[in-house]
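The residues making up each chain are set out below.
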Amino acid sequence: MSARSIHWFWYASPQTFYPLAGAIGRLAAPAAAVLALVGLYIGLFVAPTDAQQGEAYRIIFIHVPAAWMSMFLYVVMAFWAAIGLAFNTRLSAMMARALAPTGALFTFIALWTGSLWGKPTWGTYWVWDARLTSELILLFLYLGFMALQASIDDTRRADRAGALLAIVGVVNVPIIYYSVQWWNTLHQGASVSLKSGSSMAPIMLWGMLVMALAFWMYSIAVAMARVRCIIRERGEA
Amino acid sequence: MKPRHKRLAAIAIGVAALGIVVALVLRAFNENLVFFFTPSQVVAHEAPEGRTFRIGGMVEKGSVKRQADGVTVQFTVTDTAKTLPVSYRGPLPDLFREGKGVVAQGKLGPDGVFRASEVLAKHDENYMPPEAAEAVKKAQQTAEKTSRTLAK
């Protein structure tokens, strides 16, 4: 290998990544706290009442960012799992493992807040429509990934088995996202999309985007802390 | 090809193959994944007859009638092409409104009236302050008036 390619992969080694992960975490954690405060302030005090749903819609500032993160983190986790499986890089498998609990947490939050939102607006906590069901499957994928890895003692085999499950499960993510377009669902369509823009008042959208950024920073901070623990556990620090 | 490139290719092909399989399965089960049928589908006998199913659409404006007993409600669900009369006994969700989305579960009676056992409100993905909603409503009314006078 040339000197350049070694430089490129410098942080691919757990030993060199360990201090970098610490530095990233130290930046991301306060950023998450500040953004969450700003986002909640916009969401709870600045954003106006909704014409249709009144105050009940305000749960959107938690629900939508959590649902976005639940899908996004799964793709990132599957990406690292696939890289780890293909290139046998130790750090990639550790990253996948570090992301799973946070992804599961956001999936649970999305389902839970959605349920609390559904009762006053739709009239029910839960229905088996395509959007809700596929999001529930996502939760089971995360839990399955964690359970599978925890059940195998040999870390290399555990990483490989988990990676396979993570990669197979990635087909569920586009199903969740497009479920409201492909099928008749009780869940409404997307309010924000890259193609057609937003169908929300701008200040509501801003609150949601700031909260999404806060959740993103939180995910980075806890994933970095967790990956540092895993590096230490495996005696590679 | 190095072994690691082979593994990467195998993973890529595996995901692609799995994606195709899932897409085909979902296509095959398409009908069962539908949460509700539209009035047009019911009129075209595409909905399961004699079995419980859900219908969805808009509550037609001016169609909601409460019976004398105070708990039975009758309204018409429309998808703008076809309409379906619905009768329901029980409490309605807060967001149940004329001109808004609704999903009802029940059976189609022999008289063509859908007897609902559960009514859910389906709200849209638009969020705006009440003043903005009022402005939109006014603009629509003016547009309607203009087009009506133009038609004359």
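All figures in this text were calculated on a predicted structure; none of them were measured in a lab. (Residues numbered from 1 in each chain as written. Chains lettered and ligands numbered in written order. Predicted model: local features only at pLDDT ≥ 70, side-chain atom pairs only at ≥ 80, totals over all residues. Heavy atoms only, no water.)

1. Points about the overall build of chain B
Along the backbone of chain B there are 4 helices and 6 strands. Scaling as 2.2 N^0.38, a compact globule of 152 residues should have a C-alpha radius of gyration of about 15 Å, whereas chain B reaches 23 Å, well beyond that. Once the C-alpha set of chain B is aligned to its principal axes, its extents read approximately 75 × 45 × 35 Å. Taking all 152 residues of chain B together, 28% fall into the buried category. Sequence separation of 24 or more characterises 48% of the internal contacts of chain B that already satisfy a separation of 6 or more. (Helix = DSSP H or I, 4+ residues; strand = E, 2+ residues; numbered from the N terminus. Rg over C-alpha atoms; globule rule 2.2 N^0.38 Å. Buried < 20%, exposed > 50% of the residue type's maximum accessible area, 1.4 Å probe, protein only. Contact = heavy atoms within 4.5 Å.)

2. Description of the packing of helix α3 (residues 60-87) of chain A against helix α7 (residues 172-182) of chain A
Residue and element names in this part refer to chain A. At their nearest, the axes of α3 and α7 sit 10 Å apart, and the two run at 160° to each other. Our classification of the angle between α3 and α7 gives roughly antiparallel. The chirality of how α3 crosses α7 is left-handed. Residues Met71, Tyr74 and Val75 of α3 form the contact with α7, whose own contacting residues are Val173, Ile176 and Tyr177. (Axes fitted to C-alpha atoms, helices over the stretch in contact; angles between N-to-C directions. Parallel < 35°, antiparallel > 145°, perpendicular 65-115°, else oblique. Left-handed = near helix turned anticlockwise from the far one by under 90°.)

3. Regarding the nonpolar core
One finds Phe17, Ile60, Phe61, Tyr74, Met77, Met204 and Val227 of chain A to be the most contacted residues of the largest nonpolar core, which totals 56 residues. Listing elements by their share of this core, those giving two or more residues are α2 (14-46), α3, α4 (90-121), α5 (130-151), α6 (155-169), α7 and α8 (202-233) of chain A. Of the residues forming this core, the biggest block, 15 residues, is contributed by α3 of chain A. With residues near it in sequence (within four places) discarded, Phe17 of chain A still touches Tyr11, Leu91, Met95, Met224, Val227 and Ile231 of chain A. With 18 residues, the next largest nonpolar core counts Val42, Ala104, Phe114 and Ala116 of chain B among its residues. (Core = buried A, V, L, I, M, F, W, Y, C linked by side-chain atoms within 4.5 Å.)

4. A short note on the environment of Gln67 of chain B
Residue and element names in this part refer to chain B. Position of Gln67 relative to the elements: it lies in the loop between β2 (65-66) and β3 (72-78). For Gln67, a relative accessible area of 35% translates into the label partly exposed. Sequence spacing of Gln67 and Arg89 is 22 residues, and the spatial spacing of their C-alpha atoms is 9.7 Å. Setting aside chain neighbours within four positions, we find Gln67 in contact with Thr72 and Gln74.

5. Here we look at the pattern of salt bridges
Using the criterion set out here, one finds 6 salt bridges over all chains in the structure. A salt bridge links Glu55 of chain A to Arg58 of chain A; its shortest N-O distance comes to 2.6 Å. Asp111 of chain B is paired through a salt bridge with Arg115 of chain B; the nearest N and O atoms lie 3.0 Å apart. Taking relative accessible area as the criterion, Arg115 of chain B reaches 41% and is therefore assigned partly exposed. When salt bridges that share partners are traced, they join Arg97, Asp159 and Arg234 of chain A into one network. (Salt bridge = Lys/Arg side-chain N within 4 Å of Asp/Glu carboxyl O.)

6. Here's the deal with α5 of chain A
Every α-helical turn comprises 3.6 residues, leaving residues that sit three or four positions apart pointing alike. All names here are of chain A. Here α5 is 22 residues long and its end C-alpha atoms lie 31 Å apart, about the 32 Å a rise of 1.5 Å per residue gives. By the burial criterion, the buried members of α5 are Ala130, Arg131, Leu132, Ser134, Glu135, Leu136, Leu138, Leu139, Leu141, Tyr142, Phe145 and Gln149. As for α5, its buried residues are in contact with α3, α4, α6 and α7. (Expected span 1.5 Å × (residues − 1).)

7. A short note on the interface of chain B and chain A
Facing the 36 residues of chain B at the interface are 40 residues of chain A. Where chain B abuts chain A, roughly 3300 Å² becomes buried across the two surfaces, and 63% of that area is made up of carbon and sulfur atoms. The largest contributions to the chain B side of the interface with chain A come from Phe35, His123 and Tyr127 of chain B, which together make up 23% of the buried area. Run the count over chain B and chain A and you get 0 salt bridges. (Buried area = accessible area lost by both parts, 1.4 Å probe.)

8. Topic: the pairing of strand β5 (residues 101-108) of chain B
All names here are of chain B. Bridge analysis of strand β1 (residues 53-59) against β5 gives 6 bridges, and the strand direction is antiparallel. Its bridge partner being in β5, Arg54 is matched across the sheet by Gln105. Between the antiparallel neighbours β5 and strand β6 (residues 114-122) lie 5 residues, among them Gly112 with a positive phi of about 85°. (Pairing = 2+ DSSP bridges.)

9. Focus: the environment of Trp117 of chain A
As for its placement among the helices and strands, Trp117 of chain A is situated in helix α4. Between the C-alpha atoms of Trp117 of chain A and Ile60 of chain A, which are 57 residues apart in sequence, the distance is 8.4 Å. Residues in contact with Trp117 of chain A, not counting those within four places in the same chain, are Gln53, Ala56, Tyr57, Ile59, Ile60, His63 and Gln188 of chain A together with His123 and Tyr127 of chain B.

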